Every structure is written in structure tokens, then in C-alpha cells.
Amino acid sequence: MRFFDPTNTFIEKNCVQNHKKELLALGSKAFIVTGHSSSKKNGSLDDVTAILEEGGIPYEIYNDIEENPSVETVEKAAAAGKEFGADFVIGIGGGSPLDASKAIALLIANPTETGDCFYVAKDLKALPIAAVPTTCGTGSEITPVSVLTRHDIQTKQSISYKLFPDLALVDGKYLLGAGKNLLVNTCVDALCHLTESFIHATSNVYNRMFSSYGLKLWRDLVPFLRSDERLTEDMAQQCMMTSTIAGMAIAQTGTSIPHALSYDVTYNKGVPHGKACGIFLAAYLRRYEKEFPEDVKEILSLLGFEDLDSFAAFLKEILGTVSLSAEEVSTFTDRILQNTKKLSTCPFILTKEDILAIYAQSVRQIQE
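Residues numbered from 1 in each chain as written. Predicted model: local features only at pLDDT ≥ 70, side-chain atom pairs only at ≥ 80, totals over all residues. Heavy atoms only, no water.

Colleague: Would you mind going over helix α8 (residues 205-219) with me for this structure?
Modeller: The terminal C-alpha atoms of α8, which comprises 15 residues, lie 21 Å apart, in line with the 21 Å expected from a rise of 1.5 Å per residue. Residues Asn207, Phe210, Ser211, Ser212, Gly214, Leu215, Leu217 and Trp218 constitute the buried set of α8. Summarising the contacts, the buried residues of α8 are in contact with α7 (180-198), α9 (222-225), α10 (233-253), α13 (293-303) and α14 (308-319). (Helix = DSSP H or I, 4+ residues; strand = E, 2+ residues; numbered from the N terminus. Expected span 1.5 Å × (residues − 1). Buried < 20%, exposed > 50% of the residue type's maximum accessible area, 1.4 Å probe, protein only. Contact = heavy atoms within 4.5 Å.)

Next up, the structure:
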């Protein structure tokens, strides 16, 4: 068994202000990577820039990171960071800016490289990275993973490098203005991380320690997610805590089949990442239950569901449905079967018939 986690992680109210010393110690010129507007609206960007200004650290803001950022976007951002002369990177936002910030830090630190290096094995190091999450699903602030959109092969894919942030500053207050759909989708992403890590082919006592605790925390989110309640400060902090714990779980194992199934649905149908993962979760557990019924029983118990039917009904209630044509299902199934790396995360042989059955239980198939 092995456990490794180098990220200096703080989870608390006013986290950025409380740990400005750790942030300022990362370098002398900061390149801030964020989305178009959300970090400005929720106050996270202002919190970070105020600390940098107080410490006399010059900074440049790159706020053109799209949802599911592409290799091309990362190359463009890295060019701006190189020109500025940044010696550390701060990612602020959801999974898209945080994942992008890792890849950007790699390119800035290696100025002769292009995005072509992301999917080949080279001995490359990145600039120091700080991560300030503002959504409660990705866990990217505590994982080494950077998932980018590859238009050349029309899907999403993790880069080949393991890039843990040096510092993670996690504060639930940045969630308070988030819409309910965003909260649902990102919380479900965290649920998939917890579950997929628990039943991963490389699962061991360490990652299950995080998964089990995170699933208990997630259980308390169920009434909120199926209601019209407004997010309270306490609930926001629990959402963030749960997401970070889930990130700690997948940092040890990586994700598994529901994530693999999600990539084509997100790329080709525009379905948000958390929803795209969540729609496949119950059906994958149903197949997994045939091999390891006690694992599924434990997961459902931790979440407070009596059986898979009630769990599946809950996910459909909060996520809705996704429609695919028979041709899309066939194409996506063939692509999954070619993804041997992801298939190896399943602790048994997942056949074409298994994958087609998961699709049949998870999506509404339409006739064209």
C-alpha cells in the first residue's frame, strides 16, 4: 500500500486571508488563472489580489478559461504567463480553471514546450501552484490531475503529468452565491469521486478511509440537494469539505468507469461534467454489485439509501435525464472499449454487453 499527498491544505472560513504567508511564499510574480466572471462575483479573486497587493507581489490575471478547457486555451494562457515572467500560478474557480492552472504552470516552466508535451512522457517540472476552489465537486485543489479537452480526438483526457498544487485554500463562503444546478452537479461529481475511488481496482485502506468519511458527509447533503432550500454558511462549508475529501480519495486511485463514460457525453452533448458522471453511477454500481455485493451495500449504507433502486431514483430526481441516439450509444461504447487505461480501473472484466447495459439503464435512447 502507498499513500502520498504533498499539498499543503487549509479548509476554513477566511482561508485566503488566514494563510497569506503561505501564499506569498510561493514566488515573486503571480499568474492568476480563472474563468470569465464567477471568481469576481463570489469575491475569491478580490481576496487573492488583495493579499498579493499587500505583499507587494505583481500579478497578471488570465480570465478566459472556458468550461472544460482545451489544450489550445492552455497554450494561449501559458504564452501570456511566459511573457509576464510569472514564477508561480494561482488557479481560482471550479475544476476548469484549477485543472488548466496545472497545465499552464507546466508550460510556463518549460518555455520551449507546447501542448504536444501533455500526452507524452517527459521529465518536466511545473511552477509552484496555489489552488482556490469555488465549486464543490472537482477536488482538483488536492489532486495531481489536469483534464483537458482534446479537439484532435474529440474527447477529454488527463495529461500525462502528476501535478499536485503546492497550496490549497478552501473556503465555503465562495459557494454562497452559486445556483442550485451548479451545486447539484458539482456535489454529484464529488459523490462519483468518493464512490469510484472506493470501488477502484487499486483501492486500499488509505483511499477508502477518505471515501468512507466523505460518503458520510455527503449523506448530510441529500436533503438539501432534493429541496429548494438556500445554502447556509454551515452547509457551504460541508459541501467544500466533502469535495476536498473526495479529491483526497481520488488522488490515491484516480477515477473509474462513470467518469470514462462521461467524457463523450460532455464533449458531444454539452452535458455538465458532474451530471454526465452521475447519470452512469447507479447502473455501474448495479453491475459492480454482481461481483462485490458487500462493497455496494457499504456504500449505500454510508449514504443512507436502502437499495440501488432508491439511490438511482434519487440521482434521476436531482439530475434529470440525458438522451442519446442508438448510433451515439454504439459509437461511445466502441470508444470506451478502446480506452484500456480506464477499463483497467474496473476490478473485473467489463464487456461490451456490460457497457451497453449501463447505457440502457442510464440514458433515454431516442430514434433518429
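Now that the structure is up, let's keep going.
Colleague: Quick question: what am I supposed to make of the pairing of strand β4 (residues 88-93) here?
Modeller: Successive residues of a regular strand alternate their side chains across the two faces of the sheet. Summarising burial for β4: 6 of the 6 residues are buried, a large majority. Sheet topology places strand β2 (residues 30-33) next to β4; 4 bridges connect them, and they run parallel. Looking at the pairing, Val33 lines up with Gly91 of β4. Two elements, β4 and strand β5 (residues 129-133), share 5 bridges in a ladder whose sense is parallel. (Pairing = 2+ DSSP bridges.)

Colleague: Honestly, the sheet that holds β2 in this entry has me stumped. Any pointers?
Modeller: The strands making up a sheet associate through hydrogen bonds between their backbones, and the pairing can be parallel or antiparallel. With parallel pairing, 6 strands are arranged side by side in an open sheet as β1-β8-β5-β4-β2-β3. Of all strands in the sheet, those bounded by a partner on one side alone are β1 (8-11) and β3 (59-62). Direction aside, the axes of adjacent strands within the sheet are offset by 15° on average. Packing of helix α6 (residues 95-109) onto the sheet brings it into contact with β2, β4 and β5, and relative to β4 it is tilted by some 165°. The sheet strands contacting α10 are β1, β5 and β8 (167-170), and the helix crosses β1 at an angle near 160°. (Axes fitted to C-alpha atoms, helices over the stretch in contact; angles between N-to-C directions.)

Colleague: Would you mind showing me how to read the packing of α7 against helix α11 (residues 257-269) here?
Modeller: Angle between the axes and distance between the axes are the two parameters that describe a pair of packed helices. α11 packs onto α7 with a crossing angle of 140° between their chain directions and a minimal axis gap of 9 Å. In this view, α7 runs oblique relative to α11, as classed from their interaxial angle. Contact with α7, carried on its side by Asp189, Cys192, His193 and Glu196, involves Ile257, Pro258 and His259 of α11 and no other residues of that element. (Parallel < 35°, antiparallel > 145°, perpendicular 65-115°, else oblique.)

Colleague: Explain the pattern of salt bridges to me, please; I cannot follow it from the model alone.
Modeller: Close approach of charged atoms allows side chains with opposite charge to pair. As enumerated under the stated definition, the model contains 14 salt bridges in all. Note that Lys40 is salt-bridged to Asp46, the shortest N-O span being 2.8 Å. Between Arg335 and Asp264 there is a salt bridge; the shortest N-O distance is 2.8 Å. Placement of the pair is Arg335 in helix α15 (residues 326-338) and Asp264 in helix α11, with a sequence separation of 71 residues. Residue classification places Arg335 among the partly exposed positions, given a relative accessible area of 29%. (Salt bridge = Lys/Arg side-chain N within 4 Å of Asp/Glu carboxyl O.)

Colleague: Explain the nonpolar core to me, please; I cannot follow it from the model alone.
Modeller: Inside soluble globular proteins, nonpolar side chains tend to come together where they are buried. Trp218, Phe311 and Tyr359 are the most contacted members of the largest nonpolar core, which has 65 residues in total. The biggest single contributor to this core is helix α12 (residues 273-289), with 10 residues. Counting residues in each nonpolar core, the second largest holds 29 residues, with Ala78, Ala80, Ala105 and Leu124 among its members. (Core = buried A, V, L, I, M, F, W, Y, C linked by side-chain atoms within 4.5 Å.)

Colleague: Help me understand the packing of aromatic side chains, please; the structure alone is not making it clear to me.
Modeller: How two aromatic rings sit relative to each other is set out by the distance from centre to centre and by the angle between their planes. A complete count under the given rule lists 12 aromatic pairs for this structure. Plain terms: the ring middles of Phe305 and Phe311 are 5.3 Å apart, the flat faces sit at 65° to each other, and that makes the pair edge-to-face. Here Phe305 falls in the buried class, since its relative accessible area comes to 12%. Relative to Phe314, the ring of Phe305 lies with its centre 5.3 Å away and its plane at 40°, an arrangement referred to as tilted. On the basis of relative accessible area, Phe314 is assigned to the buried category, the value being 1%. Among the aromatic residues, those joined into a ring-pair cluster are Trp218, Phe305, Phe311 and Phe314. One cation-aromatic arrangement involves Lys29 over Phe84; the distance from NZ or CZ to the ring centre is 4.4 Å. When the ring centre of Phe224 is taken as origin, the NZ or CZ atom of Lys180, which lies over that ring, is 4.3 Å away. (Phe/Tyr/Trp six-rings, centres within 6.5 Å; stacked < 30°, edge-to-face > 60°. Lys NZ or Arg CZ within 6 Å of the ring centre and 35° of its normal.)

Colleague: Mind showing me how you'd approach the packing of α7 against α10 here?
Modeller: Packing of α7 against α10 leaves a shortest axis separation of 8 Å and a crossing angle of 35°. Handedness of the crossing formed by α7 with α10: left-handed. Counted together, Cys187, Ala190, His193, Leu194 and Ser197 of α7 and Cys239, Thr242, Ser243, Ile245, Ala246, Ala249, Ile250 and Thr253 of α10 form the full contact between these two elements. (Left-handed = near helix turned anticlockwise from the far one by under 90°.)

Colleague: Which parts of the structure should I look at to understand α7?
Modeller: It helps to recall that an α-helix has 3.6 residues per turn; residues three or four apart then point in one direction. Across its 19 residues, α7 extends 27 Å between first and last C-alpha, which sits within 8% of the 27 Å expected from 1.5 Å per residue. For α7, a buried count of 16 out of 19 residues is recorded, marking the element as mostly surrounded by other parts of the structure.

Colleague: Help me understand the layout of surface pockets, please; the structure alone is not making it clear to me.
Modeller: Empty space among the atoms can be located by rolling a probe the size of a water molecule over them. By volume, the second largest pocket is sized at about 320 Å³. What lines the second largest pocket is a set of 18 residues, among which Ile279, Ala312, Lys316, Gln361 and Ser362 lie closest to the centre. Put simply, the parts of the chain that give the lining of the second largest pocket at least two residues each are α12, α14 and α17 (352-362). Among the elements that make up the lining of the second largest pocket, the one with the highest residue count is α14 (6 residues). Among the residues forming the lining of the second largest pocket, the class breakdown is 9 nonpolar, 5 polar and 4 charged. (1 Å grid on protein atoms, 1.4 Å probe; cavity = no way out; pocket = protein on both sides within 12 Å on 5 of 7 lines; lining within 4 Å. Points joined across faces, edges and corners; volume = space filled by probe spheres on them. Nonpolar A, V, L, I, M, F, W, Y, C, P; charged D, E, K, R; others polar.)

Colleague: Please explain a nonpolar patch on the surface as it appears in this structure.
Modeller: A surface patch of nonpolar side chains, about 540 Å² in accessible area, is lined by Met1, Phe3, Val205, Tyr206 and Met209. Here Tyr206 lies in helix α8. (Patch = residues over 30% accessible without salt bridge, like charges linked within 9 Å, V, L, I, M, F, W, Y side chains within 5 Å. Areas by Shrake-Rupley, 256 points an atom, 1.4 Å probe, with all protein chains shown as cover.)

Colleague: In this structure, what is going on with the environment of Phe314? I would like to understand it.
Modeller: Topologically, Phe314 is positioned in helix α14. Linking Phe314 and Leu225, residues 89 residues apart in sequence, is a C-alpha distance of 9.7 Å. Sequence-distant contacts of Phe314, defined by excluding residues within four places in its chain, comprise Trp218, Val222, Arg226 and Phe305.

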